[in-house]
Structures are given as C-alpha cells and as structure tokens.
Amino acid sequence: SSSVFTSGYAPGYAKLNRRGGAGGWSPLDSDHYQWLQVDLGSRKQVTAIATQGRYSSSDWTTRYRLLYSDTGRNWKPYHQDGNIWAFTGNSNTESVVRHDLQHAIVAQYLRIIPLDWSEEGRIGLRLEIYGCPYWADVINFDGQGVISYRFKMKKMKILKDVIALKFKTQGDYITLELRRGRLLLQINLGSNQYGSILGHTSVTSGSLLDDHHWHSVVIERYRRNVNFTLDQHTQHFRTNGEFDHLDLDYELSFGGMPYSGKPISGGRRNFKGCMESINYNGENITDLARRKKLDTSSFRNLTFSCVDTHTFPVFFNATSFLQLSGRREHNMISVGFQFRTWNPNGLFLFSSLADGMLEISLNDGKVTAHINVTQQKNSRVDIASGSGLNDGEWHDVRFLAKENFAMLTVDGDEASAVRTNTPIQITTGGTYHFGGYFLRTQASPSQRSFQGCMQLIQVDDQLADLTAVEQGRLGAFENVSLDMCAIIDRCMPNHCEHGGRCTQTWNSFSCSCDGTGYTGATCHTSVYEQSCEAYKHVGRSSDLYWIDPDGSGPLGPFKVICNMTEDKVWTTVANNLPAQTSVTGSSRERRTVLQLNYSATMEQISAITSSAEHCEQHVAYNCRMSRLLNTPDGTPYTWWVGRGNEKHFYWGGSAPGIQKCSCGIERNCTDPKYHCNCDADQKQWQEDSGLLVYKDHLPVSQVAVGDTNRPGSEAKLTVGPLRCQGDRSYWNAASFNTPSSYLHFSTFQGETSADISFYFKTSAPYGVFLENLGNTDFIRLELKSPTVVSFSFDVGNGPVELNVHSPTPLNDDQWHRVSAERNVKEAILQLDQQYKEVRPAPAQGHTRLELYSQLYVGAAGGQRGFLGCIRSLKMNAVTLDLEERAKVTPGVKPGCSGHCTSFGMYCRNGGKCVEKYNGYSCDCSATAYDGPFCTKDVGGFFEAGTLIRYNLVSDVVAAASSVEGKSVGTSLPMETNLTREDVAFSFSTSSTPSILFYISSKTQDYMAVVLRQNGTLQLRYNLGGLREPFTIDLDQRNLANGQPHSVNITRIERDIYVQLDHYPSVSYTLPEASDTQFNLVKTLFLGKVFETGQIDPVLIEKYNTPGFVGCLSRVQFNSIAPLKAALSTRASAPVSHQGKLVESNCGASPLTIPPMSAATDPWNQKDPDFPFNEERVIPDGVNRNSAIIGGIIAVVIFTILCTLVFLIRYMFRHKGTYHTNEAKGGESSESADTAIIGTDPNFTETIDESKKEWFI
C-alpha cells in the first residue's frame, strides 16, 4: 500500500469479511495519493471485484478506480463505456458491494485508488478479487525474428480462416500490421480477370496500441465475410472482389515478412514486442514454436517470456504539475521529453530564468519555444516546429539554447530542426515546471496546464529519476498520476455515424456532419424526409427532392423526382438508358447485354419499392425481323434481369411466369399465332410495350437481347424510369380504443444510439405512447398532460426525463409529430419539429441501454393508457407494422381516420379535404383551381369571337347533377333572385375593348365587367330602379398591358367591394333608388355576349366586337367555376363554348417538374431531354397542314389493317381446329391466361394487383 495508519491497519487485514487487526486497511493520510495493491502471484483473468468498509468503524471508500499491470509498473486504468471507470463503493462498514467487470482483464497486479470516502471518518477498505487462472505461451519478438508456419500442402485453397493472437506494444494475401499505433488488416482474395473488380480490402482498427499493454485480436473469415475483433470491439465487413477462397502459398509468417513476395505497405520493419496464444485455424503456433516444430532460425535470441522495456510515463490533468531541479546559473538550457495528447494546446515546460523566462508549449498542434530575457533589448526567441502533433501518438521534443543559439527538434528529425541565431544571454534559474504552472509570478506562461502524458523527461542531459520523485526524494508534484498514461481514444470506436468526422480533445469528442445528409451530435438523424409522400404532407409540390427511406439506417439519402398528382404521389427514379436504344448483331449464343444504371443504388431502390403500394416500369421493344420471347413455345431470345439478379421471361403488360407480351394477354397481337407482335418476325416495324407491375422484380437492371444478327434485323429498346406510388410505412397506423389496450413487439435494441419517431393524435389529456423495461434500465415516451410530452430513460446513471411544452393543447385530435433520440453525447426530444429539449449526457457514466422485456406500444399495465392513434412509428430506422399487429389484438384497430383535421389546411382556394384510408386528397371540383392542393390555375386562351356560355338555370342539368351527385360546376336553383354575388377572375390581354364577364337575366337586370377602349376596367350593374346602369370605373390605369391582373368583386345588398390585384379593397354603394335584387339570373358569358332578349345597347355597340382576345383564368361566380367546367372533359355541367378555346396557365407559375441540371443529375446524357423525353413539345411554328395530311394517311392505313385482320380471322375460323398448349381448366375460363393464373397459386397476388391490365 501507499502508507499505513498503524500496524493494525496493514494491507494484510484488508480481506473481505476479515475482522483481524483494526478490521481493514487505512492509510496514514486520507488524500488522493493513496493506493492498495494486490499481487495475484501470476497473471490471472479478473472478472469481478467486491469491497467493504473497515470493520466496526466510520471508515469506508465511496468511490474508487482500478488499475492493473503485469509487472507492478506501467499501470493501466480499467476502462468502461469509453471512460476511465470510477466504481461505486460503500456507504457503510459491513455491506458488500460487488461489481462484475464488463470485460475481463488479465493481470498479476491490481491497484485500488480511493477517490472519495466517508465524510464522518477516513479511507477504510476490505476487498476481494474474483477470477480464474490464465496461462498462455509468450514469444518475445526482437524486431529481427519471424516465425513461419508451413502448410502440409504446397498450395492451399482456404474457404474459412480463424486467426487469434495477443500482442504487446501479399497474389492472394492476408496481412496484419501495426502502423502508427493502429492495426491494419489487409485481405486480397484476388481480382477478376478484367481487373474491374479489385479484390484488395483494408480495414483499420484500434489506436494507441503501442502502450506496453496486452491487446487481443481475432480475425474470423468465412468466404467474403470477415469479423475483425480487437479488444472486444468487433467490425463486420465483406471483402471486395468476386472470389471467396484464399489461395495461399505454403507458409504463413508471424512477426514480419520472410521474403519480398507479398506486398506490404509502408516500410518493412518487423514487429518488436510480445505475442501470446497465436492460433491459426485451431493450430497453436506459439506452442509449436516452443516445441521447435516451426522454423525460428531468424531469431538471434528466442525467448518465451516478455521482456518489458519500462519508460515510466507521467499523466497530467488540468490541475497537475511536476517540478524538477536542474543546474542553477548556467549559460545553457537542454531539455527533452516525449508527450502524447489530444488537445491542440497545452503547457509542456515553464522555467523562470535569472532574468527572464522559458516556455515550451503546444499551440494549435505545433511545439513552440519562447525565451524572453528582461535585461536585454530585442532578446526574444520564438521558434515553432511540427504540425498536427495532438494526434494521440508519442512525439519526441528536444530543446537546446545557449549563447546566441537556440534549436528545437521534434521527433528526432535533425533535417527539419528549427534553429535561430538571435543574440541572447541565458542564465538558468534551476527549477523546471512540467505540465502546469499555477504560481502568480511576474513572469508567467501564456498557458497554464497540459492534459496528456509525458515520459523520458531529460533536464540538463540527465534522465529524470521519476521513481525517486514518486518516493518523495526528488522534486515535487501535484495531482499527477505516476507510472501510468491514462489516454483514451474517444474516436475509437467511432461514435460518429454515416461518415461523420470525429475530432476529440482530452475530455470529449465531437462529430462534423457536413455533407453527410445527417445531423445531431453523432450524425444519427437524417435531415431529409423519408419519401415523396412525406414531402406532400408538409405542403410541398412536385419537384426534385432528396429522400432517406430508412432515416437513421445505413442507406444514404438520394435524389428522386416527386410528382404530386390530384390523388397520388409518384416517386420516379431515372436510369441512363436512352430511349430507342438500337441493338444489332446479337444472337442467342452472343446476346447483347444492356446494363441500366439508376440514380440510386439497388438497396435504396428496394427501400422505395418495399414500402410502396404500387410500382411500375414501362418497357418497349421496337423490332424489325427480331423476335422477342419466341412465343408460343420457344426459348426466349430476349430476357430481362430484375432485383435479386433473377432472369425474367415475361414482358410489359404480362405477369411473372406468363411468357407473353401485353398483346398476348389482351389477345390483339398482329398475328394471333404468337403472343408478342415481334415474335411474328415481320419485315415491318412492330412494337411490344407495356408496364411491368410486379414490384418485387423491379427495377430492370439488365436486358439481354438475342435476335438481331440476321440481315435486315434490328431492334430498339426503351426502358422507362421506375415509378412508385404511395408509402405504406408513412400511413401504417393503429387506433387504441381502451386505456388498457396495447401492442407488443420484440425488445428494442438501442444500446448506444436510439431514435424513435411517430405521429399521434388524441382527445385524451394523457397517455403512455410506448415503453420498454430492463432490470433497472428503461425507456418511455408519454403524453404527461395536454401540453407536455415526456421522454424518460435510465441507462444506469439514474432516471433522466426530458419534457417539451407546447403552447397549444396537444389533445386537439390533430396529428403531432414526436421524435426522440439518445446517444452517448446527448438526449433530444422534439415536438412538431419546432419545440425541442436537449440534455447532454454525463461526462462519465454508463452509456449502454440494456433492455429485456418486450416493447409495449400503449401502456402495458393499463395505467395512464393511451387513447387515440399512433402512426408511422419508427425505431432505429425500422417501421413497426402496427396495422398487422392490431389485426390480432383486442382493443386496437388497424388504421386511423380523421387525417383532414391535420392536413386540411393544405387544401387551398376553397378546396375540400376528402378523407382516405391512407391519407387525404383535396376535392377542387367546387373551385376554379386544380392540382393536388387546389393551387393550379385553370385558364383558357380566347381568340377573337371565342365565348363561353354557362346556363345558370336548367331543368335538364338540375336533374342530371342530382343523378351524378357531383360535377365541376353546379347550377343555381331555378328562378333565382340574388342579393349577393361573389365574382373572382384573372385576365391578361393587349386588346381593347371587350366584355370580360357578363351575367344576363330573364328581366333587364344584368352585371358586366368590361375593358374600355383606353384599357381601364369598368363594372356595370343594372338591377332596376335607375334610368342608366350604375357604373364604377375600377382603376385609371391601362390594364391591357399583357400582364396578368386579378379582380375580386363582392356585392351584398347595396354594398359593393372591389379588389384589383394586390391593392386594398375599395367599397361602393348602390344608389338608394336602385333595386338590390338581381332578378331571375339566366346565363353567364365569358369573352363575348351572344344572348336573346333585351341587352344594354351600349354593351353591344361599344364592347362586344370583336370579343375578348387574351387569357382568362380562375373564373369563379358564387359556387360555379364556368371556365374550368368548359375545359373539363369529365364535366356534365350546362356549359358550352363557341370558337377556339385553348387551355393555358395564363402566365401564372405552373407546377412543373424541373429537369435535373447537369451538375445535380448523376446520369446526365447528351440528349438534353433525358430523362423527360417521352413527349416533345411541338413549337407553334410547325406547319399544321402537314400534320393534317399525316393524320389522314394514318387513318387510311389503319382502316386497311383492320380489314385485313378481320379477313384473316374469318379464314382461320373456317380452316379447322386451332391447337393450344394452355393449362387445364382453360375451357371454363375467359381466356387461356385466366386458366394459367387460376391453376398456379403463385400468380394470384400479381393478378390481384392489376386485373384491369389483362381483362379488357
């Protein structure tokens, strides 16, 4: 022990439960420099430690550290959860506190360092160590010797390897090197013959391995899968290349390279240090070497014990210093030391000179030396050397200064040593402070402390005797740990996920997530939404977006095209195959294989297809004398390869296992003997095209074409982009109907990082969303009150609770999003992506969340149970299937209704939100707009004479609309008298005058909005009671300027409110003499008036000729959208138009999909239309006559073809029987295909997905 209070308190009395002597060990002084040491006699495997206080006293130890060593020197602290671990001790004298070590240690000597002790007494300790015997063969490698293990056969083809060893301190090949304190494993199973797939793989593990302590390595390989384990930390990886055997020559060598046949990176220095327990595939190499069964001739002196070269390190924290003495009043300074640290700054050495100061420090990773002599002018020395020296490795520093000369050398590199010839006179002070200087003196250093280790300290060319310092015979020290370097690499293992860059200081690490697509303290959480569906539900429109389907999972984010239609959301992934790619010169023996590359990896595309409701990919084969599937019974000439690298022999419009094209399914092939148009092998161009819809086979990754080698034979192939619709995981929901209802899933695995996200909606004031329990650890998410969401957990440091407060109640039956994350750095709780609480993890403590029970969604005990809906529950990037579990759980229903309460706000301009099982859609039928959110302008271009007529009263239409139930424009009730009109429209024109908007009646009443000759806008009302119509000049500006202008007019009784463009609303009042009823409204006109009955002659004469020329859009009158009804093909509204009316967006911003720029498009082709080349826009200048002539010719050809088809069918019908090889059961089926589908159960799923594709 460090000291003993009296003889009765000696270490011999410190055994657990002993009462002899004074009942345990107590040191002379109770301070932080005391220790109790145990010698186990030989190296043992230690698995647990137990402590007690001193018997019948007030003395006990409440917190302590454990150090271990093989030699009684060079101590290593016990690490756990990435920290130097502090064990919890006792709180009284008798109770035993036992700790099972998270990982066993092998050592002969153990030291207990008390950190805290009883407040009433002093340090007191009894203890017991638990473990088992340990024995291993050791070989000391001297940097020269190599052990060669020769195989029994000259060449070996090895499928599986297990290499295990402990160390202290390349055709095919496997090498394990120690480089810069890290282990480098290199494996090469061979490259392929083309050299395109390289077999070389290298993996780095560990750091700071040159610490004179034992490290264990296990390499397990089976085929291309490798487990690389270093000190209980395992990396799993797959080797590169396409081979899975290791072809080895006749020997395997340990300790170095015996000859230069295999590649080895860097220098060829052999290993210097010790290895024990070397095993290769069950063979004990160390034992074979001991029994002289192996070649060890390269060793000068082979020893089977580990020779320890001891350096006596010193460990400094932020409050430490070590004071050593040197020569006084000498004219030369010579100091040297080695250091290792993670901090970029720190004080190595400070010394007061007789008339000045010397400081050697670390500044931004460089060593700087600074001398200042106060008596002389210009007597300063400032030199710096090295860079990035805060990398955790040992670095050597030498500094020499004498009259008019100073030199700083780093890592023994004399060539790059920094020298200066400044005239300077030095007189030493004789005292040197290493690692810290806290005295308040006139001359003081720029930095006060150093965190790290030093060793081999030299003062005046003499190596400091640190053993004498430890025994108090030399120098002085404060808060220094001697004979120990407690450096920790906090970036190994790397807690920064998804490629985040780890940087560290002595106490902590941080992650830089720039450019990764992830965020958070450990780059765990994706910054992108999971799908196009999610983007739609935050109100985004069609565009190019980054998505991350598995959130925090291993798949990276990628770009897709999101197309939000009225009722569906389509995700499109483009490929690099140009449309109509020509293929010639291929045969069955030498097929032309076209490889398709997508703008995402296969794993990323699989994530889209697996969660999508429906996927499709359009394929087209244009052929001339080139057969496709060789139907009806032949071996296919062409096939395609889908996901999983499986070949498929069906084509677009067909289904798996049915070797047909779409014309064969629909029974309309040009030659009925074949099931594909191309299989008829005709000299004219034919086409087989259709949609592939079996999503488990998509996308198409290869197409092998095999019949284009005959004269005149040619094929053109088109494979469209992959299009998927819907996101089942986003809408996967369950409704909890009773407080005691819950769903259970397997235990949540989130030891060091866990993320949970979901949406909920409820009317209840509280409820537990989910919880998972362990022995003491747990994790829980809960609605604590109507405005508070709580995230609580315990990883062994005591319960932690985060609460987020909402300014508005959360039990409003609207969807709210909760996301929680816990990692080794912090815990985060976020509500609705706005309100957030962050709690840093304790600097030292447990980091592993260990859970054992099932995961309960809802309250398992029925207390504070959750009532409401939960959907899209993701835990560590895995979506839990709530719907499937809810189907078999009482009290819980799959799905959830009421999405419009949350998302209805996205339906704009009067659009109505319509509930769907998996979301919502916007019904725009009663608005003048269109699109997924009723924001797309519906407009039309009017030529001279174009008009739209809408009957506001119609007996026929009133009856029709009641049958239809819904139409784009609904008639007003018959015989209507109005006291209110709401009119809104937008227009752009350069022509005047014109009538924009006119409502007639069965009386002389009318309302009109006209554009006068000078381009100003006028509103005219004639409701009776006045001699002349009431007119309002709306603006003095010329609005016929080609720009879009919007008009909003509302009349309520006598008050008229008008708003033009973005100007404030202006109010007008009808004269007292005017009537306020618009009697018997009859017809609404746009563009021009063509009406019977009495019409204001001024309108006809001044404004009605030649009619409106320009664009009208968003036209709405009360609940009627006349222009939209006129342009709609579905509508049965009472609307008609004369003249040419062309749909146009009238200069408004259209919702189009912008093509990817060359910079962002990874598959940019020369064709600027790629991948949007399905339709080309014909410019206005094309001659229309040629188009008409082409159309007439096409109609004539089509008529002739139809006649031929009927003649051929008629002839075949009378020629005899037509034999088929269809499946049994075909007699009673609609067609041969339904027979196949009915008799093979494998195809029922496919057909159910798309019956409409085949049964026409």
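Note that residues are indexed from 1 along each chain, following the sequence as it is written. Where totals are concerned, whole chains, interfaces and linings use all residues; where local detail is concerned, this predicted model gives features only for residues with pLDDT of at least 70, and gives and counts side-chain atom pairs only at 80 or more. Excluded from the side-chain calculations are hydrogens and water; all other atoms, namely the structure's heavy atoms, are used.

J.: For the overall build of the protein chain, give the residues involved together with the corresponding values.
T.: On a plain count of helices and strands, the protein chain comes out with 14 helices and 84 strands. For the protein chain, the proportion of its 1256 residues judged to be buried stands at 51%. Only the protein chains shown count as cover for residues, and all accessible areas are computed by the Shrake-Rupley method using a 1.4 Å probe. For the protein chain, the accessible area works out to roughly 57800 Å², and carbon and sulfur atoms hold 50% of it. Helix and strand labels come from DSSP, where a helix needs a run of H or I of at least four residues and a strand needs a run of E of at least two; each type is numbered from the N terminus. Classification of residues uses two cut-offs on accessible area relative to the type maximum, computed with a 1.4 Å probe and protein chains only: under 20% is buried, over 50% is exposed, and between them is partly exposed.

J.: Account for the sheet that holds strand E57 (residues 778-785), naming residues and giving values.
T.: Think of a sheet as strands paired side by side through backbone hydrogen bonds, with each pair either parallel or antiparallel. Any two strands between which DSSP finds at least two bridges are classified as paired. In spatial order, the strands read E54-E63-E56-E57-E58-E59; together these 6 strands make up an open sheet with antiparallel pairing. Sheet topology places strand E54 (743-745) and strand E59 (800-805) at the edges, where each strand pairs with a single neighbour. Taken pair by pair, the neighbouring strands of this sheet meet at an average axis angle of 15°, ignoring direction. Where E57 meets strand E58 (residues 788-794), 7 bridges bridge the pair, whose relative direction is antiparallel. To get an axis, fit a line to the C-alpha atoms, keeping to the stretch in contact for a helix; angles then go from 0 to 180 degrees between the N-to-C directions.

J.: Account for the state of the cysteines, naming residues and giving values.
T.: A pair of cysteine sulfur atoms is labelled a disulfide when the two atoms are within 2.5 Å. Evaluated as defined, the whole model comprises 12 disulfides. The side chain of Cys-513 participates in a disulfide bridge whose partner is Cys-523; the two sulfur atoms lie 2.1 Å from each other. Because the torsion about its S-S bond is -90°, the bridge between Cys-513 and Cys-523 counts as left-handed. With Cys-513 in the loop between strand E39 (509-512) and strand E40 (518-519) and Cys-523 in the loop between E40 and strand E41 (525-526), this residue pair connects regions lying 10 residues apart in the sequence. Across the pair, Cys-523 and Cys-513 agree in class, each one buried.

J.: Just give me the short version of the side chain of Asp-777, but keep the residues and values in it.
T.: Its place among the elements puts Asp-777 in the loop between strand E56 (767-773) and E57. Asp and Glu are treated as the negative residues and Lys and Arg as the positive ones, with His and the ends of the chain left uncounted. Salt-bridge detection follows one rule: a side-chain nitrogen of Lys or Arg within 4 Å of a carboxyl oxygen of Asp or Glu. Although Asp-777 is buried, it forms no salt bridge, and the closest oppositely charged side chain is Arg-822 at an N-O distance of 7.9 Å. Of the polar contacts made by the side chain of Asp-777, one reaches the backbone nitrogen of Glu-850; its length is 3.0 Å. The contact definition used throughout considers only heavy atoms, calling two residues in contact when any of these lie within 4.5 Å. For Asp-777, the residues in contact, after removing those within four places along its chain, are Asp-794, Val-795, Gly-796, Arg-848, Leu-849, Glu-850 and Leu-851. In the analysis that follows, any N or O atom pair within 3.5 Å is treated as a polar contact, provided that within protein one partner can donate a hydrogen and the other can accept it, and provided that, for residues neighboring in sequence, both atoms belong to side chains.

J.: Explain the packing of aromatic side chains to me, and be specific about the residues and the numbers.
T.: Any two of the Phe, Tyr and Trp rings considered here, Trp counted by its six-membered ring, make a pair once their centres fall within 6.5 Å; the pair's planes then place it as stacked at under 30 degrees, edge-to-face at over 60, or tilted in between. A complete count under the given rule lists 30 aromatic pairs for this structure. Aromatic pair Phe-350 and Tyr-437: ring centres 4.3 Å apart, planes at 45°, arrangement tilted. Of this pair, Phe-350 sits in strand E26 (residues 346-353) while Tyr-437 sits in the loop between strand E33 (431-434) and strand E34 (452-459); the two residues are 87 residues apart in sequence, bridging distant segments of the chain. Of the two residues, Phe-350 and Tyr-437, neither departs from the other in class, the shared state being buried. Put simply, the rings of Phe-316, Phe-337, Phe-339, Phe-348, Phe-434 and Phe-450 touch in pairs and so form one group of aromatic residues. Criterion for a charge above a ring: Lys NZ or Arg CZ within 6 Å of the ring centre, and within 35 degrees of the ring normal. If you follow Lys-716 out to its NZ or CZ, it ends over the ring of Trp-685, 5.2 Å from the centre. Cation over ring: Arg-871 sits above Tyr-730, and NZ or CZ is 4.7 Å from the ring centre.

J.: Which residues make up the pattern of salt bridges, and what values go with them?
T.: For the structure shown, the criterion picks out 33 salt bridges. Between Glu-771 and Arg-780 there is a salt bridge, and its shortest N-O distance comes to 3.0 Å. In this structure Glu-771 comes out as buried when scored by relative accessible area, which is 13%. For Arg-780, a relative accessible area of 22% corresponds to the partly exposed category. The closest approach of N and O atoms between Glu-1091 and Lys-1082, which form a salt bridge, is 3.7 Å. You can call Glu-1091 buried: its relative accessible area is 15%. On the basis of relative accessibility, which here comes to 23%, the residue Lys-1082 falls in the partly exposed class. The structure contains a network of salt bridges with shared partners spanning Arg-627, Asp-681, Asp-707 and Arg-710.

J.: Lay out a nonpolar patch on the surface in plain terms, naming residues and giving numbers.
T.: Residues form patches when they are more than 30% accessible in relative terms and have no salt bridge. Like charges link within 9 Å. Nonpolar side chains (Val, Leu, Ile, Met, Phe, Trp, Tyr) link within 5 Å. A cluster of nonpolar side chains, namely Ile-1192, Ile-1193, Val-1196, Ile-1197, Ile-1200, Leu-1201, Leu-1204 and Leu-1207, defines an oily patch on the protein surface of about 750 Å² accessible area. In this structure Ile-1192 comes out as exposed when scored by relative accessible area, which is 52%.

J.: Could you give an account of the sheet that holds strand E46 (residues 592-595), with specific residues and numbers?
T.: If you trace the 4 strands from one edge of the open sheet to the other, you get E46-E51-E48-E49, paired in antiparallel fashion. What marks the edges here is a single partner per strand, and that holds for E46 and strand E49 (647-648). In this sheet, strand E51 (residues 702-705) lies alongside E46 in antiparallel orientation, the contact comprising 4 bridges. Following the sheet pairing, Gln-595 is matched in E51 by Gln-702.

J.: A description of the nonpolar core should follow, citing residues and the corresponding values.
T.: To form a nonpolar core, buried Ala, Val, Leu, Ile, Met, Phe, Trp, Tyr and Cys residues must be joined to one another through side-chain atoms within 4.5 Å. Ranked by size, the top nonpolar core spans 45 residues in total, and within it Phe-985, Phe-987, Phe-997, Leu-1017 and Leu-1019 carry the most contacts. Per element, the largest residue contribution to this core is 4 residues, and it comes from helix H10 (residues 1122-1127). Discounting residues that sit within four places of it in the chain, Phe-987 has contacts with Leu-996, Leu-1011, Leu-1017, Leu-1039, Gln-1043, Pro-1044, His-1045, Val-1047, Phe-1108, Cys-1111 and Leu-1112. Core analysis: the next-biggest nonpolar cluster, separate from the first, contains 42 residues, Ile-547, Val-569, Trp-640 and Cys-661 among them.

J.: So what's going on with the confidence of the model for the protein chain? Residues and values would help.
T.: When pLDDT is averaged across the protein chain, the result is 81; 84% of the residues are at 70 or more. Across residues 191-198, confidence stays below pLDDT 50; counting only partners more than four residues off in sequence or on other chains, it has 11 contacts. A score from 0 to 100, pLDDT tells how confident the predictor is in each residue.

J.: Which residues make up the pairing of E33, and what values go with them?
T.: In summary, the side chains of a regular strand alternate between the two faces of the sheet. Direction of pairing for strand E24 (residues 321-325) relative to E33: antiparallel, over a ladder of 4 bridges. Bridge assignment links Leu-322 to a residue of E33, and that residue is Phe-434. Strand direction decides the pairing type here: E26 and E33, joined by 2 bridges, are antiparallel. Its bridge partner being in E33, Phe-350 is matched across the sheet by His-433.

J.: Go over the pairing of strand E80 (residues 1066-1069), please, and point to the residues and values.
T.: Of the pairings in the sheet, the one linking strand E79 (residues 1055-1060) to E80 comprises 4 bridges and is antiparallel in character. Considered in E80, the bridge of Tyr-1057 is made with Ser-1067.

J.: Give me helix H4 (residues 602-611): which residues, what numbers.
T.: Most of H4 is tucked away, with 7 of its 10 residues classed as buried. Close packing links the buried residues of H4 with strand E42 (543-547), strand E43 (558-564), strand E44 (569-573), strand E47 (614-624) and strand E52 (714-725).

J.: An account of the side chain of Asp-679 is needed here, citing residue identities and associated values.
T.: Tracing the backbone through its elements, the reader meets Asp-679 in the loop between helix H5 (662-666) and strand E50 (686-692). From its side chain, Asp-679 meets the backbone nitrogen of Asn-630 in a polar contact 3.1 Å long.

J.: How would you explain the environment of Val-410 if you had to name every residue and give the values?
T.: Within the fold, Val-410 resides in strand E31 (residues 405-410). Separated by 14 residues in the primary sequence, Val-410 and Asp-396 place their C-alpha atoms 5.6 Å from one another. Sequence-distant contacts of Val-410, defined by excluding residues within four places in its chain, comprise Val-367, Ser-385, Leu-389 and Asp-396.

J.: Break down the environment of Ser-763 for me, citing the residues and quoting the values.
T.: Inspection of the secondary structure assignment puts Ser-763 in the loop between strand E55 (754-761) and E56. Take Ser-763: its relative accessible area is 53%, and that puts it in the exposed class. Between the C-alpha atoms of Ser-763 and Leu-810, which are 47 residues apart in sequence, the distance is 8.1 Å. Sequence-distant contacts of Ser-763, that is, excluding residues within four places in its chain, are made with Asn-811 and Asp-813.

J.: Could you give an account of unusual backbone geometry, naming the residues involved and the relevant values?
T.: Going from Thr-631 to Pro-632, the amide bond is cis rather than trans, its omega being 5°. The topology assignment puts Pro-632 in the loop between E47 and strand E48 (639-641). Of note, the amide linkage connecting Thr-992 to Pro-993 takes the cis form, showing an omega dihedral of -15°. The topology assignment puts Pro-993 in the loop between strand E73 (980-989) and strand E74 (994-1001). For Asp-461, which is not glycine, the phi dihedral falls at a positive 60°. By the secondary structure assignment, Asp-461 is in the loop between E34 and strand E35 (462-463). Backbone geometry at Cys-523 places phi at a positive 55°, although glycine is not the residue there.

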